[in-house]
Each structure stands twice: as structure tokens, then as C-alpha cells.
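Below, each chain spelled out in residue letters.
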Amino acid sequence: MSFFPNKAFNNAGRKSYQPNLVSLMTLCANNYMLLQKVLAGKTALSEIRQFFISDFLSYSVTIIEVTRYTSVICFEQDSLSSSFKNIPNIVATALHPRMTIRLYHDARMAEVLSTQDIKQVKPRYDYPNSQMHQQDEKQQINQFLNEWLHLCLRLGQVNVELHS
């Protein structure tokens, strides 16, 4: 029985979600270019670059792996965590967003590998699913990274060491 009396509900007739690869690849290439600006030449293992947006908001980018053709970085919002001393861990973790990103230097692409609640971001998810991920979760997470990068580049202040 259907909710709509004139139409029978049929899942078989529904098209499955197909990721837009051109859009995703363009976004990943744009994120790579923006990350190169954010990193500003920092390429060594464990190097950190911090962006201060306001008294309550800052971001840090840490290089966690370097190979010949790729790098892996951790990009996280970190200033709010100090004000969550009396909040349960699960809430503090939710309010401390972070992403692990792989930079492909030969292809000039950046891809989000994981985010705080997703250990490995899949290209597409069946919907509905038990984790409540959207079908285009990979596209959305890479778009969120793009927005973070624009925020850091537009409003971020960085401590710069001066050499004499």
C-alpha cells in the first residue's frame, strides 16, 4: 500500500546515486591549491601552522606523513577545546572538528581521508544507512574543507618568524 493513492511506491524504479566525478576532482584540485597557500612551504614531518581567527576560534595544520609523491596532514579546529573542561568527552569531541587529508603532489589533488566521526570516507553511501551519512558525503566533506581553507586564508592570522 502506498501513501499516495495513485502511485505505487517502487524502490526498483529509483535511480541509485552516482557521484559527480568532474565536480569532485575539481574540488580536490582547488583544495590542493588552497592547502599549498595554507602550508606556505611547510613540508617537513611534524611541522605545524596555526591560524587564529578570533579569541575563540583557531585552526592548526600538522604534517603527519611525508612520502615522495604524497603528504598526509591533520587539519583541526583547536582553540575551543580548552574551554570545554567540564563537558563530557563525547560532546567535546563533537565540538572539536578535525580532518585527515592526503595531498597527491604528482596529481595536484587533496582528498579528505577521514573526519572526526568517519574513519574512512567512502565515495558513496547507500541511503538510508545506520550511520546517517549522506549519499554524497565525500563531496560534502571536501566542500567543508574548502570552506575551512577559505576562512583561514581570508580571516586567519599567522605568527611569522622574522630572521635577521
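Analysis parameters
Residues numbered from 1 in each chain as written. Predicted model: local features only at pLDDT ≥ 70, side-chain atom pairs only at ≥ 80, totals over all residues. Heavy atoms only, no water. Helix = DSSP H or I, 4+ residues; strand = E, 2+ residues; numbered from the N terminus. Buried < 20%, exposed > 50% of the residue type's maximum accessible area, 1.4 Å probe, protein only. Contact = heavy atoms within 4.5 Å. Areas by Shrake-Rupley, 256 points an atom, 1.4 Å probe, with all protein chains shown as cover. Phe/Tyr/Trp six-rings, centres within 6.5 Å; stacked < 30°, edge-to-face > 60°.

A. Quick peek at the overall build of the protein. Assigned secondary structure in the protein consists of 3 helices and 5 strands. Within the protein, the proportion of its 164 residues that are buried is 34%. Taking contacts inside the protein between residues at least 6 apart in sequence as the whole, the part at least 24 apart equals 48%. Of the roughly 11,200 Å² of accessible surface on the protein, a fraction of 55% belongs to carbon and sulfur atoms.

B. Summary view of the packing of aromatic side chains. Applying the stated criterion across every chain yields a total of 4 aromatic pairs. Taking the centre distance of 5.9 Å and the plane angle of 55 degrees together, the rings of Tyr59 and Phe75 count as tilted. In this pair, Tyr59 is assigned in strand E2 (residues 57-66) and Phe75 in strand E3 (residues 70-77), connecting sequence segments 16 residues apart. Using a relative accessible area of 4% as the deciding quantity, one classes Tyr59 as buried. Ring pairing ties together the aromatic residues Tyr59, Phe75, Phe144 and Trp148, which thus form one cluster.

C. Up close: the environment of Val66. Mapped onto the fold, Val66 is located in strand E2. Judged by its relative accessible area of 40%, Val66 is partly exposed. In this structure the C-alpha to C-alpha distance between Val66 and Thr43, which are 23 residues apart in sequence, comes to 7.7 Å. With residues up to four places along the chain from it excluded, the contact list for Val66 reads Thr43, Ala44, Leu45 and Ser71.

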